[in-house]
Amino acid sequence: MDDHSHRAARGPAPAPGVTSRAGVLGTALAAVLAFSLSSGSWQWFSTYLGLTLLAVVLSSTRPPSRATDTGDGYARSLAAYTLVIGLCVALALAPAMQRWSWLFPMPGTRRDCPRLGDYARLQAQASLGDLAARDGAALAAAQGEQAGHAVADCLSATTTLWLPVYALAAALLAALAVRLLDRGGRRGPSRSVEG
């Protein structure tokens, strides 16, 4: 059998871009799964997941190009590619946004969380009743733990509320970068031919 018959037996080769689109879709589903499974405070493992998914997208898929996709196909490919990048970036940033106010400077969004911590301290003391007077160290530990959970849950909920804004901003920056790289790539060969 010659080489042509081997190709015919295996079936047609996938169309260009199909495997990269499948990679983007798989990554998007994995990121959505990670978001849906997250509960409570954002943990640093989320950063690892986001960076891993981002590495998979950037290493296994090529950004869309006007040379291969035209019209609506290019716009859809660009939107899918950059929205997945935005999702991965948001997933990676979520724990830092929850913990660092300079990275998440939305005015007034973090102000009420310490008050919830104070309320949790009072609840811990009330739940112990007369036992609270017997062991001050145990009371302080219980209050600290309850307050920490309450503040972390409040900051997590606030972060999750604003996370789509950060994801969209990252997607728009990625789209701008892809467009600039695509234009630069198309201009490069024409200059060398003219020169």
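Think of each chain on its own: its residues are numbered from 1, step by step along the sequence as written. Totals for whole chains, interfaces and linings use every residue, but because this is a predicted model, local features are given only for residues with pLDDT of at least 70 and side-chain atom pairs only at 80 or more, for both listing and counting. Excluded from the side-chain calculation are hydrogens and water; included are all heavy atoms of the structure.

Describing the overall build of the protein
Here comes step 1: In terms of regular secondary structure, the protein is built from six helices and zero strands.
Here comes step 2: In sequence order, the protein lays out its α and β elements as α-α-α-α-α-α.
Here comes step 3: Using a 1.4 Å probe on the protein chains alone, a residue whose accessible area is under 20% of its type maximum counts as buried, one over 50% counts as exposed, and one in between counts as partly exposed. For the protein, with 195 residues in total, the buried portion stands at 33%.
Here comes step 4: We call two residues contacting when some pair of their heavy atoms lies within 4.5 Å. For the protein, restricting intrachain contacts to residue pairs at least 6 apart in sequence, the fraction spanning at least 24 positions comes to 78%.
Here comes step 5: Here the open area of atoms and residues is found with the Shrake-Rupley method and a 1.4 Å probe, where only the protein chains shown may cover a residue. Carbon and sulfur atoms make up 65% of the accessible area of the protein, which amounts to about 12400 Å² in all. Here a strand is any run of E in DSSP of at least two residues, a helix any run of H or I of at least four, and the numbering for each starts at the N terminus.

Section: helix α4 (residues 72-99)
Owing to its 3.6 residues per turn, the α-helix brings residues three or four apart onto one side.
Here comes step 1: Expected span of a helix: the number of residues minus one, times 1.5 Å. If you check α4, its first and last C-alpha atoms are 40 Å apart, about what 28 residues at 1.5 Å a residue would give, namely 40 Å.
Here comes step 2: The seven residues ending at a residue and the seven starting there each receive a fitted axis; the angle between those axes is the bend at that residue. L93 marks the point of greatest bend in α4, at about 45°, and the proline P95 comes within the next four residues.

With respect to the packing of aromatic side chains
Here comes step 1: Here the aromatic set is Phe, Tyr and Trp, taking the six-membered ring for Trp, and pairing holds for ring centres within 6.5 Å; pairs whose planes are under 30 degrees apart are stacked, those over 60 apart are edge-to-face, and all others are tilted. Under the definition given, this model contains two aromatic pairs.
Here comes step 2: Measuring from ring centre to ring centre gives 5.8 Å for W44 and W100, while their planes differ by 45°; the resulting arrangement is tilted. Note that W44 is positioned in the loop between α2 (18-37) and α3 (45-60) and W100 in the loop between α4 and α5 (113-128), a separation of 56 residues in sequence.

Some remarks on the environment of V57
Here comes step 1: Its location among the elements puts V57 in helix α3.
Here comes step 2: Along the primary structure V57 and V84 are separated by 27 residues, whereas in three dimensions their C-alpha atoms are 8.1 Å apart.

Concerning the nonpolar core
Here comes step 1: If you look at the biggest cluster of nonpolar residues, it comprises 23 residues, and the most contacted ones within it are I85, M97 and L163.
Here comes step 2: Breaking this core down by element, the ones donating at least two residues are α3, α4 and α6 (136-194).
Here comes step 3: Domain ranges listed in this record stem from an automatic or a database domain assignment. Built from parts of two domains, this core gets at least three residues from each of domain 1 (27-101) and domain 2 (110-184).
Here comes step 4: Not counting the four nearest positions on each side in its chain, M97 is found in contact with L103, F104, R110, T159, L163 and Y166. Put simply, buried Ala, Val, Leu, Ile, Met, Phe, Trp, Tyr and Cys residues joined by side-chain atoms within 4.5 Å make one nonpolar core.

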